[in-house]
Amino acid sequence: MDRDRFYELIKKVPKAEIHLHIEAVPTINSIKALYKKVNGVEITDSEIKDLFTYEDLNGFIQAFLKIQALYKSEEDFDYIFDDLASYLSENGIVYTEAFFAPTGFLRNGFKYENMVKVFDKKIAEIKEKYGITVKLLMDVSRTFGLENAMHNYELLKQFPSKNIIGIGLGGAESKGPCRDYQAVFELAKKEGYKVVAHAGEDVGPESVWEAIDLLHVDRVGHCISSIQDEKLMQVLKERGIVLEVCPTSNVFTKKYVKSIAEHPIRAFFERGLFVTVNTDDPVFFKVTLIDELYKLHTEAGFSMDEIKTLIKNGFKATYLSDSKKESWYKKIDKEFAGA
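Residues numbered from 1 in each chain as written. Predicted model: local features only at pLDDT ≥ 70, side-chain atom pairs only at ≥ 80, totals over all residues. Heavy atoms only, no water.

A few points about the pairing of strand β5 (residues 194-199)
And step 1. Burial runs high along β5: five of the six residues are buried.
And step 2. Pairing of strand β4 (residues 164-169) with β5 involves four bridges; the strand directions are parallel. Paired with G166 across the bridge in β5 is K194.
And step 3. For the crossover from β4 across helix α9 (residues 182-190) to β5, the handedness is right-handed. (Buried < 20%, exposed > 50% of the residue type's maximum accessible area, 1.4 Å probe, protein only. Helix = DSSP H or I, 4+ residues; strand = E, 2+ residues; numbered from the N terminus. Pairing = 2+ DSSP bridges. Right-handed = clockwise from strand over helix to strand, strands pointing away.)

And the structure:
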């Protein structure tokens, strides 16, 4: 299918995205506005270029933290959620379970309870204006150690929100192995929260083993180094572990793949693993969910029927009820049938 027809069709097809960091959705214009608000001057083109130039995952994380530092008041979250709403709407994404990382904001003087109030207000506005449902997962963050992660989780419990459904483990994977965070994940799972983790993005398959055997997650972000371990792939298939794959992100961070064509997502799919497609950080990697699906169609050999399966997997992997999932499957089938 040619590009124009593909984009026209896929935009109309309802989609879910489950690996998306809300702090990486604000547009360049929003970043420029925040920078001027903080510094009193315009950010230069060279500064923008430097901000979005990184050679690996750790370089990206540093850029991520620099942008987080531009937020100085709760009203600044309007930039995040307004741009999030635009991104979701423009891509036909009707449901998302997205990450938010509180540590940088807390270190910047924000009060968690005030953040949650703003989040709830903006999420309600998105639902009312666009009909889009946003749920959040707190990234307790492996970048700052277990004590910080546990502190974040305690805040989650102290100031609960119906829109925050669980925790995730993101950040510098090479510096924070999953095993170091077993205590907080055991507690969260015991107390009824959903638990997911980034693993196999910047570290070998041993990181994925720890995520599924020690943290007991049912979704793994990225997971690409699993291709190195046949036994692991078999276990992922048997347990029905969701792979939150972010192809363009993996190409940008350059750890295991250099192109979409060589990305292991095709091999995962053919082995029957539970593959979903996500963007990770749209602004940082200059990609949308429709872009990701088109790249898989044109560069990784996914047929249109397989693209439909990937889109359905996006809903299947969510924490929605089975009845709501079934409703979305029918709408997906209807759009493809009319193409």
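Comments concerning the pairing of strand β6 (residues 219-222)
And step 1. Where β5 lies against β6, three bridges are found, and the strand directions are parallel. By the bridge assignment for β6, H198 is matched with G221.
And step 2. Read as a crossover between parallel neighbours, the route from β5 over helix α10 (residues 205-213) to β6 is right-handed.
And step 3. One ladder, built from three bridges, connects β6 with strand β7 (residues 242-245); its direction is parallel. Among the inter-strand pairings, V220 is bridged to a residue of β7, identified as L243.
And step 4. Read as a crossover between parallel neighbours, the route from β6 over helix α11 (residues 230-239) to β7 is right-handed.

Points about the packing of helix α8 (residues 146-158) against α9
And step 1. As a packed pair, α8 and α9 sit with axes 9 Å apart at the nearest point and diverge in direction by 15°. Between α8 and α9, the crossing angle belongs to the class labelled roughly parallel. At the point where α8 passes α9, the crossing takes the left-handed sense. The residues of α9 that touch α8, namely those facing L146, A149, M150, Y153, E154 and K157, are A183, V184, L187 and A188.
And step 2. Taken together, the residues of the contact of α8 with α9 break down into eight nonpolar, no polar and two charged. (Axes fitted to C-alpha atoms, helices over the stretch in contact; angles between N-to-C directions. Parallel < 35°, antiparallel > 145°, perpendicular 65-115°, else oblique. Left-handed = near helix turned anticlockwise from the far one by under 90°. Contact = heavy atoms within 4.5 Å. Nonpolar A, V, L, I, M, F, W, Y, C, P; charged D, E, K, R; others polar.)

What to know about the pattern of salt bridges
And step 1. Enumeration according to the criterion identifies 18 salt bridges in this entry.
And step 2. Among the salt bridges present, the one from E97 reaches R219, with a minimum N-O distance of 2.7 Å. Remark: R219 occurs in strand β6 and E97 occurs in strand β2 (residues 93-100); sequence separation between them is 122 residues. There is no split in this pair, since E97 and R219 are both buried. (Salt bridge = Lys/Arg side-chain N within 4 Å of Asp/Glu carboxyl O.)

What to know about helix α2 (residues 28-39)
And step 1. Relative to the 16 Å expected for twelve residues at 1.5 Å per residue, α2 spans 16 Å between its end C-alpha atoms, a close match to the ideal helical length.
And step 2. Along α2, the positions that sit buried rather than exposed are S30, I31, L34 and Y35. Buried residues in α2, looked at end-on, bunch into an arc of 135°, giving them a common side.
And step 3. Elements in contact with the buried residues of α2: α3 (45-51), α4 (57-68) and α5 (77-90).
And step 4. Phi turns positive one or two residues past the end of α2, at G40, with a value near 80°. (Expected span 1.5 Å × (residues − 1). Arc of directions from axis to C-beta.)

Comments concerning the packing of aromatic side chains
Pairs of aromatic rings are described using the distance from one ring centre to the other and the angle between the two planes.
And step 1. Taken as a whole and judged by the stated rule, the model has 18 aromatic pairs.
And step 2. Here F100 and F119 contribute two aromatic rings whose centre-to-centre distance is 5.3 Å and whose plane-to-plane angle is 80°, an arrangement assigned as edge-to-face. Taken together, the residues F100 in strand β2 and F119 in helix α7 (residues 112-130) connect sequence positions 19 residues apart.
And step 3. By relative accessible area, which is 2% here, F119 ends up buried.
And step 4. Three or more aromatic residues link up through ring pairs in this structure, and these residues are Y71, F77, F81, F100, F105, F110 and F119. (Phe/Tyr/Trp six-rings, centres within 6.5 Å; stacked < 30°, edge-to-face > 60°.)

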